[in-house]
Amino acid sequence: GQQLNQSPQSMFIQEGEDVSMNCTSSSIFNTWLWYKQDPGEGPVLLIALYKAGELTSNGRLTAQFGITRKDSFLNISASIPSDVGIYFCAGHYQSNTGKLIFGQGTTLQVKP
Amino acid sequence: GAVVSQHPSWVICKSGTSVKIECRSLDFQATTMFWYRQFPKQSLMLMATSNEGSKATYEQGVEKDKFLINHASLTLSTLTVTSAHPEDSSFYICSAPREAGPHEEQYFGPGTRLTVT
């Protein structure tokens, strides 16, 4: 089945540092979404990308939809302790079904 | 605020019993909802698509007779885990698409932690 390869698997950084994570696919995706999940909760949408090449920011977060439509990255600038959590990329690869495929997740830990 | 709710947030049941989990879209209608399960330290795996007024469609490898889905109204989908076994213990999460301008955005519920003893 379709898979999204997300990296890195985990990151341990110092507060104030910038963070970058990315997702790649062997297939073309129609949308790319980035979610954050806190322990014991459902994922929360951070950024949604709908067009190839699109670059979107949400506060300290910036994400881009790759030109080839097979990749996306998420950057977090000036990390703070509350950025701790698991970040997932997700994408729609089948039009009009609403089905989302998720990456494996990036666990982020921030040291104050 | 939350746009999708789930109930219960956690449940413990004995092997062989059935458990029903509710997923509700708040202040919007959803003709389609999705059910995922998530094991510890793993990603979300799509189980099935819940369709209002028609049968659910299940992903490959998911037993439809074990995981019964009913989309009773435009704001409610239920997942019933029948004859639960310890290996069914997991975090179950639902989602519903909501229109955001020209696009749809997928909103997730807070999840239901199922523990089967």
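In what follows, the structure referred to is the one given above.
Since the structure is predicted, the reported quantities are computational estimates derived from the model, not experimental observations.

**Q** Which residues make up the pattern of salt bridges, and what are the values?
**A** Summed over the entire model, instances satisfying the criterion amount to five salt bridges over all chains. Residue K36 of chain A is joined to D38 of chain A by a salt bridge in which the shortest nitrogen-to-oxygen separation is 3.5 Å. With relative accessibility at 28%, the residue D38 of chain A sits in the partly exposed group. Here E59 of chain B and K99 of chain A are joined by a salt bridge, their closest N and O atoms 2.9 Å apart.

**Q** Requested: an account of the interface of chain B and chain A, with residues and values cited.
**A** Each partner contributes residues to the interface: chain B has 18 residues there, and chain A has 18 residues. Of the roughly 1400 Å² buried where chain B meets chain A, counting both sides, 58% is carbon and sulfur surface. Considering only the side of chain B, the residues that lose the most area to chain A are S43, Q106 and F108 of chain B, jointly responsible for 29% of the buried surface there. The interface formed by chain B and chain A contains one salt bridge. There are five residue pairs in polar contact (both at pLDDT 80 or more) connecting chain B and chain A. Counting only elements with at least two residues in the side of chain B that touches chain A, the list comes to β4 (32–38), β5 (44–51), β9 (90–100) and β10 (103–108) of chain B. It is β10 of chain B that provides the largest number of residues to the side of chain B that touches chain A, a total of five residues. Residues that form the side of chain B that touches chain A fall into these classes: eight nonpolar, seven polar and three charged.

**Q** Describe in detail the packing of aromatic side chains, supporting the description with residues and values.
**A** A full pass over the atoms with the stated rule returns eight aromatic pairs over all chains. With a centroid separation of 5.6 Å and 85 degrees between ring planes, the pair formed by F102 of chain A and Y36 of chain B is classed as edge-to-face. With F102 of chain A in strand β10 (residues 101–102) and Y36 of chain B in strand β4, this pair bridges two chains. Each member of the pair F102 of chain A and Y36 of chain B is classed as buried.

Criteria and cut-off values
Note on numbering: residues in each chain are counted from 1, in written sequence order. Whichever chain is written first becomes A and whichever ligand is written first becomes 1, with later ones labelled in order. Given that this is a predicted model, residues contribute local features only at a pLDDT of at least 70 and side-chain atom pairs are listed and counted only at 80 or more, while totals for whole chains, interfaces and linings are drawn from all residues. Side-chain calculation: all heavy atoms of the structure are included, whereas hydrogens and water are not. Salt bridge, as used here, is a side-chain nitrogen of Lys or Arg placed within 4 Å of a carboxyl oxygen of Asp or Glu. Any residue under 20% of the maximum accessible area for its type is buried, any over 50% is exposed, and the rest in between are partly exposed; the area is computed with a 1.4 Å probe on protein chains only. Contact definition: two residues touch when any of their heavy atoms are within 4.5 Å. Once two parts are put together, the accessible area they lose, assessed with a 1.4 Å probe and summed over both, is termed the buried area. For this analysis, a polar contact is any N or O atom pair within 3.5 Å, provided that within protein one partner can donate a hydrogen and the other can accept it, and provided that sequence-adjacent residues contribute only side-chain to side-chain pairs. A run of DSSP states H or I qualifies as a helix once it reaches four residues; a run of E qualifies as a strand once it reaches two. Both are numbered from the N-terminal end. When residues are grouped by polarity, Ala, Val, Leu, Ile, Met, Phe, Trp, Tyr, Cys and Pro land in nonpolar, Asp, Glu, Lys and Arg in charged, and all others, Gly among them, in polar. Centre distance within 6.5 Å is the pairing criterion for rings of Phe, Tyr and Trp, where only the six-membered ring of Trp is used; planes under 30 degrees apart are then read as stacked, over 60 as edge-to-face, and the remainder as tilted.

Such coordinate-based values are descriptive only and should not be taken to indicate function.
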